[in-house]
Amino acid sequence: MAATTSTRTPNTMLAVPEKKTTSLDLYRPLRQYISSAYPEMDARSAEDDLKTVNQIRAEIERNQTGSLTSRRDLLVDYFKALCVMETRFPISPDETHISSVWFTWWDAFRPRSKASQQNIHLEKAAVLFNLGATFCQIGLGCDRSVVEGRKEASHSFIAAAGVFSFLRDNEAVKASNGDSAMVDLSVECTGMLETLMLSQAQECVFENAVAKGSSLGVCAKISRQVGIYYEEALAALNAAPLSQHIDRAWVFHVQMKAAFFFADACYRYSLELHEKEAVGEEIVRLRSGIDALSEAKKSSKGVAVQLLDSVEMLERDMNRNLARALKENDRVYLMRVPSINCLSPLPAVSLVKSMLMNDLLNASTDKLFCSLVPETSAKALSKYTEMVDEIIRRLDEKLQQASELKRVRLKEMDLPDSLLALEGSFALPQDLKNDVESIQSSGGVAGLEAEILQLRDLRKVNQELLVQTVELLQKEAKEDDQLRSQYGTQWVRPQSDNLTKNLQQRLNKFADNLKQAAESDGRIERSLMEHAPLLSILDYNPIESALPALARPVLSLYVSENDVVETLKQSLRQLESISAHRASVEVMLRDMKNKDDILPKLMSSTGSYEDLLKSEISKYEKISEEIIDNIMAQEQLLIQIQAQNDKFSFIFNLEDYKASREKGYKQVQTAIEKFQEIKANLSEGLKFYVTLQDAILNVKQHCSDFVMTRNIQCKEMVEEVKRKVSGLFFQENNFQTVAQAPYHRPNDRQPQQPGTFPRPPYTTAPRHSGHNNKH
């Protein structure tokens, strides 16, 4: 079914024709005006800009640009140039202005109809019209048989819609000048063209949805919106002034497209209904679509053959399905066929909207004629800017004072915190809350207890390592003493105690450090136990639940205490509304200033600058009055809130609550400080034990190497003594050499001096003063 529907999609679309114009020399009249209104130096500096504008105008007249994209860019550049010229060159019938320039354009739909005006807005409107037509032609030139082509075409039609929308909103009315008004530049025509371009853009989206195999429901919604856009364009074409102006072939084409996409939506929607066995509604939808096609075919003169073929294919498919649905209903379902008026409209979804042209057509950065500002206009503009700045400064000051007054007064009344406290939703001061959340995320008091257990384990490990190391040396010394007693003077190697003095000193130092650390650990544990009740407050989540709450009085002299609370809340809501309005007024004031460009009016004005400035500055009076009213309303409301809050404070004994709340804050602060103190001591202790363990392991390794070397030497010496006793050793000197031979680690290549032992990397025990001092 998807393949069938894609082949019958109509591919024909309408191209908007461009407007034609006559040759126009802008250079001479503009050059003459510059020479009369500006210093000669400024006139010479504008020479190149004048030539550029004249050249662009000539290229637009010839319409011989190589590509549509080049013509599009040319039209954009010329429109920006016209915006710049409008602020500097007053073109009008007034004799003091440039009155010799006449802009002449023919109607795009009535080539024999033309208009000539001494009005730059006619030129701007015509250029915008041709820009929209060019975007339309770019869209028609895209290859819509591929995905990228369909997307590019849709984008171009959206841009065209944006241009026609911009033309309607900004230049259409200004270009209308009595008898010389042009229908193709009217609000009605440009609005119709915007809708038509959106129709064709949505149609490209529909083609893409069908091509990629979107569901029937999605395609039906997109198709229905295409039809809606075409229906809106058709309504504009059939209304004045377009009904007697646009060629009827356009009307018939748009009417046929509207009917086709309405019928297509009915067809796709009916297929879904058939799957749901909603045969009654399926019949109505099919009949509705077929009737729309039949009605449209009555006025098909000039409609493209391809579009008519698509209509015929769709009508044939719908008639076939209608016959099947009627047959099934008569034989199987026997459902009542409802009236079309009883059914809801077909769902539709718009996936396109007119592109905003503000950025593309923004001439604020254009450098043309940037040096040409009349001295009188410049002075008037400067004066006006100073007037506006003074108004803004004064109003800003009032706004800031009002906001600060509100903040201070509410803080003095402890609002809205006291109301939040009554509801149990007040919050701890942010700095305290951050500290508590950090403590809770680290495990809280339970985390401290876990670290104490870890501290005990590390201390035990260090003690065990130390005992193991001491026992290594003691065992080796005992064995050496036994052999010395056994062999007497023949056992000539150095005693163990003489060789391990340095190691023994380090081990003793480690033992002292462990003893001091154990005492420090004990102080930490006692501190945690002692402050456990205080620290327990940190385990409350949320922490506010541990603090005193503002409770309603047990006995109240006021039977309407709820009314007091609600009235105060309502007043605070009003106050926030006033503040929000003040903020929006402030934004509006800034926006108003940023958009307040009166230079074009100054440059085209023929009257007194003072009158113009007075008229322009008056637009700030309304917003100034609005700000004053806002501030007065706030002042009155704050007085009202003060009285309401006094009553609220009395009823709920607010002063006592504040005192207890501050006491609670101090308790939390004290608990945080004590927690952080214990946490820091524990961290220092853990760090100490880890460092000490590394040092003990290092010394243990040295002791192990020492014992191993002594054991090897012991075996060699025992064998040597035995050989001497048995008379197998004949050279006493050699024996002495062996007896005094250096002991060394296995695989060591360099012998060491007799009577020495490898010096460990730490000659003294690691310092633990930091841990001890902490504790």
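Criteria and cut-off values
Residues numbered from 1 in each chain as written. Predicted model: local features only at pLDDT ≥ 70, side-chain atom pairs only at ≥ 80, totals over all residues. Heavy atoms only, no water. Helix = DSSP H or I, 4+ residues; strand = E, 2+ residues; numbered from the N terminus. Buried < 20%, exposed > 50% of the residue type's maximum accessible area, 1.4 Å probe, protein only. Contact = heavy atoms within 4.5 Å. Salt bridge = Lys/Arg side-chain N within 4 Å of Asp/Glu carboxyl O. Phe/Tyr/Trp six-rings, centres within 6.5 Å; stacked < 30°, edge-to-face > 60°. Lys NZ or Arg CZ within 6 Å of the ring centre and 35° of its normal. Disulfide = S-S within 2.5 Å. UniProt positions renumbered as here; feature names shortened; annotations may be inferred. Axes fitted to C-alpha atoms, helices over the stretch in contact; angles between N-to-C directions. Parallel < 35°, antiparallel > 145°, perpendicular 65-115°, else oblique. Left-handed = near helix turned anticlockwise from the far one by under 90°. Nonpolar A, V, L, I, M, F, W, Y, C, P; charged D, E, K, R; others polar.

Named according to an unreviewed UniProt entry, the protein chain is BRO1 domain-containing protein originating from Kalanchoe fedtschenkoi.

Remarks on the overall build of the protein chain
A tally of helices and strands in the protein chain yields 27 helices and 2 strands. Going through the 775 residues of the protein chain one by one, you find that 47% of them count as buried. Put simply, 82% of the contacts in the protein chain that link residues at least 6 apart link residues at least 24 apart.

So, the pattern of salt bridges
Overall, the coordinates contain 43 salt bridges when judged by the stated rule. A salt bridge links Glu 312 to Lys 297; its shortest N-O distance comes to 3.1 Å. Taken together, the residues Glu 312 in helix 13 (residues 305-333) and Lys 297 in helix 12 (residues 279-297) connect sequence positions 15 residues apart. Between Asp 480 and Arg 493 there is a salt bridge, with its nearest N and O atoms 2.9 Å apart. Remark: Arg 493 occurs in the loop between helix 17 (444-487) and helix 18 (496-499) and Asp 480 occurs in helix 17; sequence separation between them is 13 residues.

With respect to the packing of aromatic side chains
Scanning the entire structure with this criterion turns up 11 aromatic pairs. Note on Phe 79 and Phe 166: the rings are 6.1 Å apart at their centroids and 80 degrees apart in plane angle, and the pair reads as edge-to-face. On the criterion of sequence distance, the pair formed by Phe 79 in helix 5 (residues 68-88) and Phe 166 in helix 7 (residues 147-170) is long-range, its members being 87 residues apart. The pair formed by Phe 79 and Phe 166 is uniform in burial state, with each residue classed as buried. Taken together, a centroid distance of 5.1 Å and an interplanar angle of 85 degrees make the contact between Phe 260 and Phe 261 edge-to-face. For Phe 260, a relative accessible area of 1% gives the class buried. Ring pairing ties together the aromatic residues Phe 109, Phe 129, Phe 164 and Trp 250, which thus form one cluster. Sitting over the face of the ring of Phe 129, Lys 19 holds its NZ or CZ atom 5.9 Å from the ring centroid.

Some remarks on the state of the cysteines
One pass over the full model with this rule turns up 0 disulfides. Note on Cys 204: no disulfide assigned, nearest cysteine sulfur contributed by Cys 142 at a separation of 7.9 Å. By relative accessible area, which is 1% here, Cys 204 ends up buried.

Some details on the UniProt feature "coiled-coil region" (unreviewed entry) in the protein chain
Annotation from UniProt places "coiled-coil region" (unreviewed entry) at residues 381-408. Across residues 381-408, helical content stands at 100% and strand content at 0%; the span's end C-alpha atoms are separated by 40 Å.

Examining the packing of helix 7 against helix 9 (residues 187-211)
Relative to each other, helix 7 and helix 9 sit at 165 degrees, their axes nearing to 8 Å. With respect to helix 9, the axis of helix 7 lies roughly antiparallel. Considering only the axes of helix 7 and helix 9, their crossing is left-handed. Taken together, the residues of the contact of helix 7 with helix 9 break down into 16 nonpolar, 6 polar and 5 charged.

Some details on the side chain of Thr 469
Relative to the elements of secondary structure, Thr 469 occurs in helix 17. Residue class for Thr 469 comes out buried when judged on its relative accessible area of 0%. When sequence neighbours within four positions are dropped, the list of residues in contact with Thr 469 reads Leu 507, Ile 696, Val 699, Lys 700 and Cys 703.

A closer look at unusual backbone geometry
The phi torsion of most residues other than glycine is negative, and most of the peptide bonds are trans. Cis geometry is adopted by the peptide bond preceding Pro 241, which originates at Ala 240 and carries an omega value of 0 degrees. Considering the arrangement of structural elements, one finds Pro 241 in the loop between helix 10 (216-237) and helix 11 (248-275). Even without being glycine, Glu 277 reaches a positive phi, approximately 65 degrees. Structurally, the position occupied by Glu 277 is in the loop between helix 11 and helix 12. Take Glu 277: its relative accessible area is 44%, and that puts it in the partly exposed class.

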